[in-house]
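Structural overview
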Number of protein chains: 2
Amino acid sequence: MRREDLALYLVTDRGLSLGRDLEKVVLQAVEGGVTLVQLREKEIDTREFIALGLRLKAALAGSGVPLLINDRVDVAMAVDADGVHIGQSDMPYDIARRLLGPDKIIGLSVETMDEVIQANALDVDYVAVSPVFATHTKTDTLTPFGYEGLERACRLTRHPICGIGGMNADTAGRAVACGADGVAVVSAIVSAPDPYLASKNLKSIIDNELDKRRLG
Amino acid sequence: MRREDLALYLVTDRGLSLGRDLEKVVLQAVEGGVTLVQLREKEIDTREFIALGLRLKAALAGSGVPLLINDRVDVAMAVDADGVHIGQSDMPYDIARRLLGPDKIIGLSVETMDEVIQANALDVDYVAVSPVFATHTKTDTLTPFGYEGLERACRLTRHPICGIGGMNADTAGRAVACGADGVAVVSAIVSAPDPYLASKNLKSIIDNELDKRRLG
């Protein structure tokens, strides 16, 4: 994975997609500038999860945008996705790496500063600081990092890093200014009236900050 | 898998185990004569599922009793279980076989007579007719096969076959008399006051019927 792939990371949520077809929302978002897609499904049969993964993979073919699967290594293997995103209660990283091999992307959620540091011992492809701000998307009760925590995590990690949780057009720029390579968003895109425009706007905000860093 | 391994097939359910430790219940059941164990967990984090699978695998080591994992091929691979049991809404059989390789056990639930026949086209290791009788264990609303349906399924299948659903000391003998190689039970063992005695009693009923078939 290239570090740039983290710039605008879309995490799906069918429940928040206003009843719209998930493939359509994802394709509009990719058209608008999304650089990475994670299919996240918590309440779904394995068979349906695989079918959805295969449809998204076909939809993304040729776009250059990698497709990751949340948690389920078997689903990722079944659809030959580009990798998985795992959390702290999902499959341990070393087992996931063994099953997926060295070439697949494995991203890891880090929910405390200790986990940011522990992740430096792993060869994960990126870490996602979670959450930057509290949201209704995650039912977990975690202490948000805030901008200060995110900034500290960016200094402490040796990995590509993004923020997730409360990331939208109002917060994405400052999150990147904290040192993140990008932001992961759910509702700011999937619940937007126009996922294409929402993505385009977010991408331009993020690119603007990344340009400042490169130039400055 | 040997056909005899289906004789008394324990499917776990921690919620029905009266608060007792799952490993203890399983070991008592194996001591009593259980020939196959399936770890079934529907509401559990992947990490906890793997940890439980590893504990059960260690507990069963040396017993000769194979350990299967319900639905989750990634968990089965992570713990190097002997195989998986999949249902009609789980991973499609051909994908599971590709991921697990030719040597692992793959059992399949068949819920209609059509599915019994369709399974003859697959090289599954066994089929489980589900349910023989309605139970509270499965929330699904399926039409039970009854003894007559089970008997017909036993004639139609080319695979080792067991019945599941309402199997207990009152029904197991007749289920085997219908032609099944064994029965899969949940509450008749895990909710029994003494899982060892319950298993021993069931095993003796089943062996008695299997002996009759061999002799007669």
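Because the structure is a prediction, the values reported are computed rather than measured.

Quick notes on the rules
Residues numbered from 1 in each chain as written. Chains lettered and ligands numbered in written order. Predicted model: local features only at pLDDT ≥ 70, side-chain atom pairs only at ≥ 80, totals over all residues. Heavy atoms only, no water. Helix = DSSP H or I, 4+ residues; strand = E, 2+ residues; numbered from the N terminus. Rg over C-alpha atoms; globule rule 2.2 N^0.38 Å. Contact = heavy atoms within 4.5 Å. Areas by Shrake-Rupley, 256 points an atom, 1.4 Å probe, with all protein chains shown as cover. Buried area = accessible area lost by both parts, 1.4 Å probe. Salt bridge = Lys/Arg side-chain N within 4 Å of Asp/Glu carboxyl O. Buried < 20%, exposed > 50% of the residue type's maximum accessible area, 1.4 Å probe, protein only. 1 Å grid on protein atoms, 1.4 Å probe; cavity = no way out; pocket = protein on both sides within 12 Å on 5 of 7 lines; lining within 4 Å. Points joined across faces, edges and corners; volume = space filled by probe spheres on them. Core = buried A, V, L, I, M, F, W, Y, C linked by side-chain atoms within 4.5 Å. Axes fitted to C-alpha atoms, helices over the stretch in contact; angles between N-to-C directions. Left-handed = near helix turned anticlockwise from the far one by under 90°. Nonpolar A, V, L, I, M, F, W, Y, C, P; charged D, E, K, R; others polar. pLDDT = per-residue confidence, 0-100. Pairing = 2+ DSSP bridges. Right-handed = clockwise from strand over helix to strand, strands pointing away. Expected span 1.5 Å × (residues − 1). Arc of directions from axis to C-beta. Polar contact = N/O pair within 3.5 Å; in protein donor to acceptor, adjacent residues only side chain to side chain.

Attention now goes to the overall build of chain A. Tallying secondary structure elements over chain A gives nine helices and eight strands in all. For 216 residues, the compact-globule formula gives about 17 Å, and the C-alpha radius of gyration of chain A, at 16 Å, lands near that figure. Taken over the C-alpha atoms alone, chain A extends approximately 45 × 40 × 35 Å along its principal axes. Partitioning the intrachain contacts of chain A with sequence separation of at least 6 by distance along the chain shows that 61% fall at a separation of at least 24. Roughly 9300 Å² of accessible area belongs to chain A as shown, and the carbon and sulfur atoms make up 49% of that amount.

Facing the 20 residues of chain B at the interface are 20 residues of chain A. Roughly 1700 Å² is buried in total at the junction of chain B and chain A, and carbon and sulfur atoms are behind 56% of that figure. One can count two salt bridges joining chain B with chain A. A salt bridge links Asp74(B) to Arg72(A), with the shortest nitrogen-to-oxygen separation between them at 3.9 Å.

Attention shifts here to unusual backbone geometry. With an omega of -10°, the peptide bond between Ser130(A) and Pro131(A) qualifies as cis. One non-glycine residue, Asp71(B), lies in the positive phi region at around 70°. Take Asp71(B): it is sitting in the loop between strand S3 (67-70) and helix H3 (73-79). Residue class for Asp71(B) comes out buried when judged on its relative accessible area of 8%. We note that Asp80(B) has phi near 50°; this positive angle belongs to a residue other than glycine. Note on placement: Asp80(B) falls in the loop between H3 and strand S4 (83-86).

Let us now look at the layout of surface pockets. Taken as a whole, the second largest pocket encloses approximately 250 Å³ of empty space. Lining the second largest pocket are 14 residues; nearest its centre among them are Arg3(B), Glu4(B), Ala7(B), Leu210(B) and Arg214(B).

Now for the nonpolar core. Within the largest apolar cluster, 152 residues are counted, with the highest numbers of intra-cluster contacts made by Tyr9(A), Val183(A), Tyr9(B) and Val183(B). If we ignore the near neighbours within four places in the chain, the residues touching Tyr9(A) are Thr35(A), Leu36(A), Val37(A), Gln38(A), Leu68(A), His85(A), Tyr126(A), Cys162(A), Val183(A), Ala184(A) and Val185(A).

Let us now look at the packing of helix H1 (residues 22-32) of chain A against helix H9 (residues 195-215) of chain A. All names here are of chain A. Taken N-terminus to C-terminus, the directions of H1 and H9 make an angle of 35°; their axes are 7 Å apart at the nearest point. Read as a crossing pair, H1 and H9 show a hand that is right-handed. For the pair H1 and H9, the contacting residues are Val25, Gln28, Ala29, Glu31 and Gly32 in the first and Pro195, Tyr196, Ser199, Lys200 and Lys203 in the second. Its residues assigned to classes, the contact of H1 with H9 comprises four nonpolar, three polar and three charged.

This paragraph deals with the confidence of the model for chain A. Residues of chain A with pLDDT of at least 70 account for 98%, and the chain-wide mean is 96. Here the predicted complex carries an ipTM of 0.93, next to a pTM of 0.95.

This paragraph deals with the pairing of strand S1 (residues 8-11) of chain A. All names here are of chain A. Side chains Leu8 and Leu10 of S1 all project onto a buried face; the interleaved residues Tyr9 and Val11 project onto the opposite face, where all are buried too. Sheet analysis places S1 next to strand S8 (residues 182-185), joined by three bridges and oriented parallel. Looking at S8, one finds that Tyr9 is bridged to Ala184. Where S1 meets strand S2 (residues 36-39), three bridges bridge the pair, whose relative direction is parallel. The partner of Tyr9 across the bridge, within S2, is Leu36. Each parallel crossover has a hand, and for S1 linked through H1 to S2 it is right-handed.

Another aspect to go through is H9(A). Because an α-helix completes one turn every 3.6 residues, residues spaced three or four positions apart along the sequence face the same direction. Residues and elements named next belong to chain A. The end-to-end C-alpha separation of H9 is 30 Å, in line with the 30 Å expected for 21 residues at 1.5 Å each. What H9 keeps buried is the set Pro195, Ala198, Ser199, Leu202, Lys203, Ile206, Glu209 and Leu210. Buried positions in H9, seen along its axis, are confined to an arc of 135° and lie on one side of it. Against S1, H1, helix H7 (172-177), S8 and helix H8 (187-190) lie the buried residues of H9.

A few words now on the side chain of Thr12(B). Residues and elements named next belong to chain B. Mapped onto the elements of the fold, Thr12 is located in the loop between strand S1 (8-11) and helix H1 (22-32). Given a relative accessible area of 1%, Thr12 falls into the buried group. Polar side-chain contacts of Thr12 include one of 3.0 Å to the backbone nitrogen of Arg40.

Let us look at the environment of Val110(A). All names here are of chain A. Tracing the backbone shows Val110 in strand S5 (residues 105-110). Counting along the chain gives 66 residues from Val110 to Ile44, while the straight-line C-alpha distance between them is 25 Å. When residues no more than four places from it in sequence are discounted, the contact partners of Val110 are Gln88, Glu115, Val116, Ala119, Val127, Ala128, Val129, Ser130 and Phe145.

Following the criterion strictly, the structure yields 30 salt bridges over all chains and no others. The closest approach of N and O atoms between Lys104(A) and Asp80(A), which form a salt bridge, is 2.7 Å. Of this pair, Lys104(A) sits in the loop between helix H4 (93-100) and S5 while Asp80(A) sits in the loop between helix H3 (73-79) and strand S4 (83-86); the two residues are 24 residues apart in sequence, bridging distant segments of the chain. Given the relative accessible area of 22%, Lys104(A) is considered partly exposed. The salt bridge involving Lys203(B) is made with Asp207(B); its shortest N-O contact spans 3.2 Å. Here Lys203(B) pairs with Asp207(B), and both are found in helix H9 (residues 195-215), just four residues apart, close to one helical turn. Judged by relative accessible area, Lys203(B) falls into the buried class, the value being 18%. Here the salt bridges do not stand alone but share partners, grouping Arg72(A), Asp74(A), Arg72(B) and Asp74(B) into one network.

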